Amino acid sequence: MAVAGVPIAQTAASPAQGASNAGQGAGSLAAPSSPTGLTISQSGVAAAGVSMAQTAPSPAQGASIAVQGAGSPSAPPSSPTGPTNSQTSMATVGAPLGFYVPQPKDTLTATGLLLAFLIGFYTLIGRDRKSPYLTNRLFQILLFCVPAVILSLFAQMLEASQGWIELIAKGFGLLALICLIAALVLTLWRVYKIYMRFALFVDSAHPKHLSWYRFIKHFFRRGSDNKPWEWAGIPLSKDLRLEIKKIFGVDEASAEVSTELPTSAAISVARHGQANLVLAELATAFLQEKKPVQYMTASRHPLEFIKYLHDHIKSKTQIEWQEIQSKIVVADAYTRHFGYADSIYRQATSALKRDFGVQHVTAGESFAGLHTASSEAFNKIKGQAQKGKGREPMLVIYEDCYALADLESREQYRVFVRHVVPSERMWQAMFTVFIETAQEKSDWELLASYCDLTQVVGKVEKSK
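By size, the foremost hydrophobic cluster in this structure holds 40 residues, and its most contacted members are Phe248, Leu309, Trp321, Leu395, Phe431 and Val433. At eight residues, helix α10 (residues 276–288) tops the list of elements feeding residues into this core. Beyond its immediate stretch of four places on either side in the chain, Leu395 contacts Leu282, Ala283, Phe286, Pro292, Val293, Gln294, Phe431 and Val433. Leu370, Met394, Val396 and Met430 belong to the second-largest nonpolar core, a separate cluster that totals 36 residues.

Structural data, given as structure tokens:
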């Protein structure tokens with residue numbers, strides 16, 4: 001017969017055993033006797049999970065059973081190596097859904113491993129370059145890891161408790177696990193963004209920048225006879241080239257070969273905003289012919305120059321601002337890097353759109369962010385272009401991008417110049433202007449070596 005899942009081997013009861021059972025039933029917690037005359041005390045039934053073989057007891061055994069039944073029932077034995085109640089309940093929280101929740105100690109171990117990975121990973125990055133943006137993003141991950149550690153410790157401290165304290169311990173364990181999962185997901189996202197910045201020089205997570213995506217895109221374009229709009233650049237007109245040379249003081253008769261068809265210019269100024277006039281003259285020359293202007297600045301909010309340009313066009317030409325405002329796209333590379341939490345810059349951005357009607361792009365952090373913002377501004381111009389026509393010439397201005405060298409590195413600025421100037425020359429139909437303030441001599445010489453036209457206003461600082 002099996003009682004409470006315990007197999008019991010039965011034998012016939014002797015007459016002495018029957019009398020013993022009768023005495024036991026008078027004052028103990030004995031179970032009813034079976035048809036064969038066999039009885040089992042409560043303490044015997046309570047020993048669940050233990051296989052017993054019962055034989056017919058002797059008269060002395062019967063008396064012992066009676067005495068045992070008269071006392072209090074014995075507590076069920078516990079396995080010295082088995083899990084505690086709270087551990088068992090934590091492990092089986094997700095059992096109805098087909099998964100098990102890790103123990104707090106497992107969460108604590110995994111969090112420690114994640115922190116060790118982050119320290120080694122960011123140390124490797126910081127060895128080669130300044131990386132304040134990456135460090136700032138590390139703080140966000142730590143804001144998930146530290147609570148995960150604290151909650152895991154509290155859950156372990158309370159795991160042996162009973163009642164409502166046990167429920168609190170389970171809640172702490174689940175919250176710690178949620179924080180760890182959030183930290184892992186955020187870490188994966190940050191590593192992916194860092195890869196895009198370092199390997200592809202873009203501050204975007206879009207898969208279109210990945211090599212396999214570009215390979216597939218190029219494969220299908222190769223078999224098409226239709227040139228994409230961005231590849232069909234229209235060269236600058238003769239009148240526009242002459243106006244550019246006039247602004248830079250280039251004599252047509254004595255022009256060098258590199259300035260016959262200028263595609264880029266470098267301007268060095270001693271004081272901030274000193275080149276407003278030359279930039280306004282260049283922008284006006286393009287806007288008079290209804291050609292687009294793209295302006296990026298990393299040393300001030302773009303509203304300052306747009307105000308100056310508005311007043312310059314109003315006083316020097318007969319053009320109505322409403323006719324050309326859609327041709328202007330500005331990229332704000334200042335606010336993300338140096339504006340911090342000042343609310344005035346949000347107000348300035350609103351005024352830029354509301355009062356002047358120009359299109360606006362906010363550049364992301366680092367030189368990769370500037371590169372991506374330039375592409376976004378280019379796509380805004382593309383969205384306004386007429387279908388079936390080539391890409392009109394455009395003016396592209398980069399003002400004080402060297403300012404980011406204080407936050408990243410001079411080497412990254414040099415990489416930026418080496419990429420942007422030749423690339424925009426290859427795209428054709430672009431006149432690229434770099435204007436820099438307080439730039440070290442060696443970096444200015446590099447920039448000037450890449451550009452067709454140069455202009456120096458003031459003294460360039462010597463390299464240290």
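That covers the picture; the talk isn't over yet.
Moving on, we get to the packing of helix α11 (residues 303–316) against helix α14 (residues 344–356). At a minimum axis separation of 10 Å, α11 and α14 run at an interaxial angle of 25 degrees. In terms of orientation, α11 lies roughly parallel with respect to α14. Seen along the crossing, α11 lies across α14 with a hand that is left-handed. Mapping the contact onto sequence places Leu303, Ile306, Lys307 and His310 in α11 and Ala348, Ala351, Leu352 and Phe356 in α14. Of the residues assigned to the contact of α11 with α14, the class counts are six nonpolar, one polar and one charged.

The next subject is unusual backbone geometry. The phi dihedral of Ser366 falls on the positive side, at around 80 degrees, and the residue is not glycine. Among the residues examined, Ser366 registers a relative accessible area of 1% and is labelled buried. With a phi angle near 65 degrees, Gln428 is a residue other than glycine that sits in the positive phi range. Looking at where Gln428 falls in the secondary structure, it is placed in the loop between α16 (410–427) and β9 (430–437).

In terms of burial, strand β4 (residues 264–269) is a largely internal element, six of the six residues being buried. Covered by surrounding structure in β4 are Ser264, Ala266 and Ser268 together with Ala265, Ile267 and Val269, the residues of both alternating faces. Bridge analysis of β4 against strand β10 (residues 453–457) gives five bridges, and the strand direction is parallel. Looking at β10, one finds that Ala265 is bridged to Leu453.

For the rest of this paragraph, the subject is helix α17 (residues 441–450). Every buried residue of α17 is accounted for by Asp443, Trp444, Leu446 and Leu447. End-on view of α17: buried residues confined to an arc of 160 degrees, all on one side of the axis. Elements that come into contact with the buried residues of α17 comprise β4, α16, β9 and β10.

Calculation rules
- Sequence order as written defines residue numbering, which begins from 1 separately in each chain.
- Note on the predicted model: pLDDT of at least 70 is required for a residue's local features to be given, and 80 or more for side-chain atom pairs to be given and counted; whole-chain, interface and lining totals, by contrast, use all residues.
- The basis for the side-chain values is all heavy atoms of the structure; hydrogens and waters are excluded.
- Here the nonpolar core consists of buried residues drawn from Ala, Val, Leu, Ile, Met, Phe, Trp, Tyr and Cys, with membership extended through side-chain atoms lying within 4.5 Å.
- Per-residue accessibility, obtained with a 1.4 Å probe over protein chains only, is compared with the maximum for each type, and a residue is labelled buried under 20%, exposed over 50%, and partly exposed between these values.
- Think of it this way: any DSSP run of H or I at least four residues long counts as a helix, any run of E at least two long counts as a strand, and we number them from the N terminus.
- Every residue pair with non-hydrogen atoms within 4.5 Å of one another is taken to be in contact.
- Axis definition: a line fitted to C-alpha atoms, over the contacting stretch in the case of helices. Angles run 0 to 180 degrees between N-to-C directions.
- Each angle receives one of four descriptions, namely roughly parallel if under 35 degrees, roughly antiparallel if over 145, roughly perpendicular if within 65 to 115, and oblique otherwise.
- Rotating anticlockwise by less than a right angle from the far helix to the near helix defines a left-handed crossing, while the corresponding clockwise rotation defines a right-handed one.
- For this classification, Asp, Glu, Lys and Arg are treated as charged, while Ala, Val, Leu, Ile, Met, Phe, Trp, Tyr, Cys and Pro are nonpolar and the rest, including Gly, are polar.
- Strands were regarded as paired on the criterion that DSSP finds at least two bridges between them.
- Summarising the geometry, the arc corresponds to the directions from the helix axis toward the C-beta atoms.

Just geometry here; none of it tells us what the structure is for.
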